[in-house]
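Survey of secondary and tertiary structure
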Amino acid sequence: MKQSISALMDGELFEDEAASCLAILGKDLEATKKWEIYHLIGDTLRQPEHIPADLSATVSAKIQQEPTVLAPRISMVRRNPRYFALSAAATLTAVGVVAWMSLQINPTVATSPTVNQQNAAFRPASMQFNQDSNEYLLAHQEFSPSTDMNGGASYIRAVAYNGEAK
Amino acid sequence: MSDKEIDQQLVERVQRGDKAAFDLLVSKYQRRLGRLISRFVRDPAEAEDVTQDAFIKAYRALPGFRGESAFYTWLYRIGINTAKNYLLANKRRAPTSTPFDAEESESFEEASLLREVNTPENELMSKQVVDVVQKSLLALPEDLRTALTLREIEGLSYEEIASAMNCPVGTVRSRIFRAREAVAANLRPLLDTSKDNRW
């Protein structure tokens, strides 16, 4: 593990190895100490003229007093713009397939529209409803699969106007 | 995994509520940021305070960090702004109006000036740390010393070091690790016994 931390600092670990190493850092005290001291050695070798005092403990204590920051994860999408391209391509493909299939199912609809002429022989059906069954149907209309107002049917009341009664 | 990617992974952990991950970023960048801020705020005690403030501000602003730039570049801007605001609040002028970027600031030479304003205690500790590190480096076997020097001072990759030293990359990795461990072993007693554990 210690050798992995050394290589991680130098940016010389592969993704999976680096991920497992990073997962331990900050949780394992010994590993975290190694991280700190290796960085101190590097900074000292690069700029021995001035080494500022260690502020990590003080800053850490102050950070503990701060509310925890939380932010939505955007990096996956941002780092991989392919996701956008693949999503767009998949959407376009799906739209294309659906359009093509609808044309294959009924190609005449689009090419030769026909005028639907009313047959004079057809007449509206007339049927006598029993008053009791009509009320029953109205009362249970909410259970009908054809209604668009499920649950609201019980509040609907049928009102009829009989002009001849006057 | 590159340095930028490692930082991004740590930033994402902080953004998911892991405060310990922010401590790792502080450990990594505190000295670079401290040196940077010391160029604006000359008093070492004030520079320390401003550096701490900059880290706190960075922590608070982290939910808005989207990784368009490297983490240190972003932190660098926060550090500069915090230092300038501090000077403004104290009616003092920044020592230079020259705009440095994050890379230029790394090679800026003001060491003698910084030494003059450092406190005696910090100065002593700083000297001891440098002394132990340099003596430990000199005491290393030559192959370990060369590998660590090429990595830390010259900034070469493992592959470049392997080519320069005519050995496999795995050997370079092992040599650098062993060199760090040897230096760390000498440094540990000094760090553990330091007053108020600030090193």
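Analysis parameters
Residues numbered from 1 in each chain as written. Chains lettered and ligands numbered in written order. Predicted model: local features only at pLDDT ≥ 70, side-chain atom pairs only at ≥ 80, totals over all residues. Helix = DSSP H or I, 4+ residues; strand = E, 2+ residues; numbered from the N terminus. Buried ≥ 20, exposed ≤ 12 C-beta atoms within 10 Å, placed from the backbone. Contact = placed C-beta atoms within 7 Å. pLDDT = per-residue confidence, 0-100. Core = buried A, V, L, I, M, F, W, Y, C linked by C-beta atoms within 7 Å. Nonpolar A, V, L, I, M, F, W, Y, C, P; charged D, E, K, R; others polar. Expected span 1.5 Å × (residues − 1). Arc of directions from axis to C-beta. Axes fitted to C-alpha atoms, helices over the stretch in contact; angles between N-to-C directions. Parallel < 35°, antiparallel > 145°, perpendicular 65-115°, else oblique. Left-handed = near helix turned anticlockwise from the far one by under 90°.

We now examine the overall build of chain B. In terms of helices and strands, chain B carries 10 helices and 0 strands. In chain B, the succession of α and β elements from N to C terminus is α-α-α-α-α-α-α-α-α-α. Taken over 199 residues, chain B has a buried fraction of 38%. In chain B, the proportion of contacts linking residues at least 24 apart, taken out of those at least 6 apart, comes to 63%.

So, on to the overall build of chain A. When its secondary structure is counted, chain A shows 8 helices and 0 strands. Start at the N end of chain A and walk to the C end: the helices and strands fall as α-α-α-α-α-α-α-α.

Further remarks concern helix H8 (residues 142-152) of chain B. In an α-helix, one full turn covers 3.6 residues, which means residues spaced three or four apart are oriented alike. Looking only at H8 of chain B, the buried set comprises Leu 144, Ala 147, Leu 148, Leu 150, Arg 151 and Glu 152 of chain B. Against the buried residues of H8 of chain B lie helix H3 (29-46) of chain A together with helix H7 (120-139), helix H9 (158-165) and helix H10 (169-193) of chain B.

Let's shift gears to the confidence of the model for chain B. Residues and elements named next belong to chain B. Here chain B shows a mean pLDDT of 84. Residues at 70 or above account for 83%. Per-element averaging of pLDDT across chain B places helix H6 (residues 111-117) at the bottom with 45 and H8 at the top with 95. Here residues 107-117 is modelled with pLDDT under 50, and outside its nearest four sequence neighbours on either side it reaches 14 contacts, counting other chains as well. At the level of chain-chain contacts, confidence expressed as ipTM amounts to 0.83, with global pTM at 0.66.

So, about unusual backbone geometry. In the Ramachandran plot, Asn 166 of chain B falls in the positive-phi region, its phi being about 55 degrees despite a non-glycine side chain. Relative to the elements of secondary structure, Asn 166 of chain B occurs in the loop between H9 and H10.

In this section: the nonpolar core. Counting residues in hydrophobic clusters, the biggest one holds 68 residues, and the most contacted among them are Leu 8 of chain A together with Leu 25, Ile 37, Leu 75 and Ala 147 of chain B. Tallying contributions element by element places helix H2 (residues 19-38) of chain B first for this core, with 9 residues. Other than its neighbours up to four places away in sequence, Leu 75 of chain B contacts Tyr 29, Leu 33 and Ala 58 of chain B.

Another aspect to go through is the interface of chain A and chain B. In this assembly, 52 residues from chain A lie in contact with 61 residues from chain B. Top element by residues in the side of chain A that touches chain B is H3 of chain A. It accounts for 11 residues. Considering only residue class, the side of chain A that touches chain B consists of 23 nonpolar, 15 polar and 14 charged.

A word on H7 of chain B. All names here are of chain B. With 20 residues, H7 should reach 28 Å at 1.5 Å per residue; the first-to-last C-alpha distance of 28 Å fits that figure. Listed in full, the buried residues belonging to H7 are Met 125, Ser 126, Val 129, Val 133, Ser 136 and Leu 137. The arc enclosing the buried residues of H7, seen along the axis, measures out at 105 degrees, which places them on a common side. Exposed residues pointing more than 90 degrees away from the buried face of H7 are listed as Pro 120, Leu 124, Lys 135, Leu 138 and Ala 139.

Let's shift gears to the environment of Phe 40 of chain B. On the secondary structure map, Phe 40 of chain B appears in the loop between H2 and helix H3 (44-61). Between the C-alpha atoms of Phe 40 of chain B and Ala 83 of chain B, which are 43 residues apart in sequence, the distance is 6.3 Å.

All names here are of chain B. At their nearest, the axes of H8 and H10 sit 8 Å apart, and the two run at 95 degrees to each other. Comparing the axis directions of H8 and H10 gives the class roughly perpendicular. Residue-level inspection shows Asp 143, Leu 144, Arg 145, Ala 147, Leu 148 and Arg 151 of H8 in contact with H10, the latter providing Val 172, Arg 175, Ile 176, Arg 178, Ala 179 and Arg 180. When its residues are assigned to classes, the contact of H8 with H10 shows 6 nonpolar, no polar and 6 charged.

We now examine the packing of helix H4 (residues 56-65) of chain A against H2 of chain B. Put simply, H4 of chain A and H2 of chain B touch, their axes get as near as 10 Å, and they point 150 degrees apart. Looking at the two axes, H4 of chain A sits roughly antiparallel to H2 of chain B. Viewed along their axes, H4 of chain A and H2 of chain B form a crossing whose handedness is right-handed. Between H4 of chain A, through Ser 56, Val 59, Ser 60, Ile 63 and Gln 64 of chain A, and H2 of chain B, the contact on the second element is made entirely by Lys 19, Phe 22, Asp 23, Val 26, Ser 27 and Gln 30 of chain B. Class assignment of the residues belonging to the contact of H4 of chain A with H2 of chain B gives a composition of 4 nonpolar, 5 polar and 2 charged.

This part is about the environment of Pro 168 of chain B. Residue and element names in this part refer to chain B. Tracing the chain through its elements places Pro 168 in the loop between H9 and H10. Take Pro 168: there are 11 C-beta atoms within 10 Å of it, and that puts it in the exposed class. Taking the C-alpha atoms as reference, Pro 168 lies 9.1 Å from Tyr 158; in sequence the two are 10 residues apart.

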